[in-house]
Amino acid sequence: MTPYEISSSLLENNSSRVLAGCVEVRNSNDRTILRAVAERVLPKRAQVEDIELDGGIIPNKHWLQSALTRLEISKGDTCFCAMYPHSEFYDLGKEQASHNLSTELRERILKTWSTDHISHCKNCGQCFEVHRESGWHVSWRKWSELEVP
Ligand SMILES: [Zn+2]
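Residues numbered from 1 in each chain as written. Predicted model: local features only at pLDDT ≥ 70, side-chain atom pairs only at ≥ 80, totals over all residues.

Student: Mind showing me how you'd approach helix α5 (residues 60–75) here?
Tutor: Think of an α-helix as 3.6 residues a turn; residues three or four steps apart then line up on the same face. Between the first and last C-alpha of α5 there are 24 Å, a value that for 16 residues agrees with the 22 Å anticipated at 1.5 Å per step. Within α5 the residues assigned to the buried category are Trp63, Leu64, Ala67, Arg70, Leu71 and Ser74. Down the axis of α5, the buried set is contained in an arc of 125°. They therefore lie on one face. For α5, the elements touching its buried residues are α2 (15–27), α3 (31–41) and α4 (45–49). (Helix = DSSP H or I, 4+ residues; strand = E, 2+ residues; numbered from the N terminus. Expected span 1.5 Å × (residues − 1). Buried ≥ 20, exposed ≤ 12 C-beta atoms within 10 Å, placed from the backbone. Arc of directions from axis to C-beta. Contact = placed C-beta atoms within 7 Å.)

Following this line, the structure appears as structure tokens:
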């Protein structure tokens, strides 16, 4: 999608179009695109946040807030990995596949179906400790920033 298409779908009064826009924002690391979207969408933030989005186990508002935060971040020079601690639903495997992160398993706790990973942002070198737990078709993660040694 072009920046114009992404911002148009975020500004529409249609929840599935808004969510489609959120997915585009979430999957993009291109600051030129995201800044163009931010320029059109952020001044109308209140209007965008007003739409009813529902959702299942994970409320859809979560995806919207996370997209809006990503747009805010895109305006400056902060690395997008700053987003991870804001969302419990960034998928480690997917981020690694997109070459955003390198990650290694540190511990797997079979009893609670949880794992601990250490991840490094490939862009800025920030280190994270990622604790993952699963249940009922969703898994969520707690990202903690670690001091870079
Ligand atoms: Zn980073």
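Text resumes after the structure shown.
Student: Quick question: what am I supposed to make of the packing of α2 against α5 here?
Tutor: Packed helices, taken two at a time, are described by the angle their axes make and the gap between the axes. At a minimum axis distance of 9 Å, the contact between α2 and α5 shows a crossing angle of 45°. Taken together, the axis directions place α2 and α5 in an arrangement best described as oblique. For the crossing formed where α2 meets α5, the hand is left-handed. Contacts from Val18, Leu19, Cys22, Val25 and Arg26 in α2 reach Asn60, Trp63, Leu64, Ser66, Ala67, Arg70 and Leu71 in α5. Tallied by class, the residues present in the contact of α2 with α5 amount to eight nonpolar, two polar and two charged. (Axes fitted to C-alpha atoms, helices over the stretch in contact; angles between N-to-C directions. Parallel < 35°, antiparallel > 145°, perpendicular 65-115°, else oblique. Left-handed = near helix turned anticlockwise from the far one by under 90°. Nonpolar A, V, L, I, M, F, W, Y, C, P; charged D, E, K, R; others polar.)

Student: Help me understand the domain arrangement of the protein chain, please; the structure alone is not making it clear to me.
Tutor: Looking at the protein chain, the domain boundaries give domain 1 (1–78) and domain 2 (79–149). With eight residues of domain 1 in contact, the opposing surface of domain 2 contributes nine residues. A class-by-class count of the residues in the side of domain 1 that touches domain 2 yields three nonpolar, four polar and one charged. (Domains from an automatic or database assignment.)

Student: When you look at the sheet that holds strand β2 (residues 114–121) in this model, what are you seeing that I'm missing?
Tutor: Each strand in a sheet pairs with another by means of backbone hydrogen bonds, the pair being arranged parallel or else antiparallel. Strand order in the open sheet formed by four strands is β1-β2-β3-β4, and the pairing between neighbours is antiparallel. Because the sheet does not close on itself, it has two edges, and the strands there are β1 (101–109) and β4 (138–146). Ignoring strand direction, the axes of neighbouring strands in this sheet form an average angle of 25°. (Pairing = 2+ DSSP bridges.)

Student: Hey, could you run me through the packing of α3 against α5 in this one?
Tutor: At a minimum axis distance of 8 Å, the contact between α3 and α5 shows a crossing angle of 115°. Viewed along their axes, α3 and α5 adopt a mutual orientation that is roughly perpendicular. For the crossing formed where α3 meets α5, the hand is left-handed. Taken together, the residues of α5 that come into contact with α3 (itself represented by Arg31, Leu34, Arg35, Val37, Ala38 and Val41) are Arg70, Leu71, Ser74 and Lys75. The class makeup of the residues in the contact of α3 with α5 is five nonpolar, one polar and four charged.

Student: Explain the environment of Arg108 here, please?
Tutor: Mapped onto the elements, Arg108 comes out in strand β1. Using a count of 12 C-beta atoms within 10 Å as the deciding quantity, one classes Arg108 as exposed. Put simply, Arg108 and His131 are 23 residues apart on the chain and 9.8 Å apart in space, counted from C-alpha to C-alpha.

Student: It is not clear to me how α2 should be interpreted in this structure. Could you clarify?
Tutor: Given a rise of 1.5 Å per residue, 13 residues ought to cover 18 Å, and the 18 Å separating the end C-alpha atoms of α2 matches this to within 8%. Where the residues of α2 are buried, they touch α1 (3–11), α3 and α5.

Student: Teacher, can you tell me more about the environment of Asn14 here?
Tutor: Mapped onto the secondary structure, Asn14 falls in the loop between α1 and α2. Taking the C-alpha atoms as reference points, Asn14 and Glu52, 38 residues apart in sequence, are found 8.7 Å from one another.

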